[in-house]
Every structure is written in C-alpha cells, then in structure tokens.
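Structural description and commentary
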Amino acid sequence: MQSAKVKVVSNKVRFSYANVFQAKAAMEGGTPKYSVSILIPKSDKEGVAKFNKALEETKQANINYFGGSVPKNLKVYFRDGDAEKDDPIYAGHYFFNALSSEKPGVFDADKNAIL
C-alpha cells in the first residue's frame, strides 16, 4: 500500500532554489534529493485555499496510511516568507519546501514535459 499523492494545479506559484533535474545533497556527504521551495502569493486567496485543502487531504491520507497518527517527519504547512526569510524573492508569499528521492515530473503551461 502506498501513501496518497495529491495534485494541485495553479498557475500562480513560483519555484525558488529548484533542484528538479538533478538531485543535490543538502550537505556534503548527505543523500542527494530533488527539492524545491514553492512560493504562492498571499494575494492569491483561491490558490492558498486550494493548497491548504490539498495539504489537509495529504495529511489525512497519511494518517490513514500510517494507522491513525501523523508521522513525526510529515511537515504539512505553509510558512510565511515575510516573517521567515530575509530575501525579496519571498516577500508577499507563503512557501513550503518539497523534497523527494524520486525525480519529479516537470511540465510547462501546456502540460508538455520539460526534459
């Protein structure tokens, strides 16, 4: 049995520090992983609501998968770019980080794979 995957589509997000074509270790000697910081404008109320709903669905799916509790390493929440980052890229945005040992699919606005 695999944990559930939730797909959210929004054309208003931006990626920051994207390592989606080649895995990279966070520190020397660490395990290489694909990663990205996903930024969503605070002004996009509809998009924020969709992401929050998807995050809660993911959390619930993982609670069901892991037998009634949330794994300690499951981080499902938005972070405030204005409060946590001293970087103009994050200003006016919520963000969360995603990482995986599996290579992600990357697509353009027309749903064509970007290789």
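Heads up: the structure comes first, above all this text.
Residues numbered from 1 in each chain as written. Predicted model: local features only at pLDDT ≥ 70, side-chain atom pairs only at ≥ 80, totals over all residues. Heavy atoms only, no water.

In this structure the tally under the stated criterion is 5 aromatic pairs. Considering the side-chain rings of Phe 51 and Phe 96, the 5.9 Å spacing of their centres and the 55 degrees angle between planes classify their relative orientation as tilted. Pair noted here: Phe 51 is in helix α1 (residues 45–65) and Phe 96 is in strand β4 (residues 93–100), with a separation of 45 residues, a long-range link. Taking relative accessible area as the criterion, Phe 51 reaches 8% and is therefore assigned buried. Look at Phe 96 and you get buried, because its relative accessible area is 14%. A ring pair is formed by Tyr 90 and Phe 95, whose centres lie 5.0 Å apart and whose planes are at 75 degrees; its orientation type is edge-to-face. Judged by its relative accessible area of 0%, Phe 95 falls in the buried class. An aromatic cluster is built from Phe 51, Phe 78, Tyr 94 and Phe 96, whose rings are joined through pairwise contacts. Here the guanidinium or amino end of Lys 42 rests over the ring plane of Tyr 94, the centre of that ring lying 5.4 Å away. The ring of Tyr 90 has Lys 85 lying over it, and the distance from NZ or CZ to the ring centre is 5.3 Å. (Phe/Tyr/Trp six-rings, centres within 6.5 Å; stacked < 30°, edge-to-face > 60°. Helix = DSSP H or I, 4+ residues; strand = E, 2+ residues; numbered from the N terminus. Buried < 20%, exposed > 50% of the residue type's maximum accessible area, 1.4 Å probe, protein only. Lys NZ or Arg CZ within 6 Å of the ring centre and 35° of its normal.)

Everything listed here is a matter of coordinates, which is why it stays silent on function.
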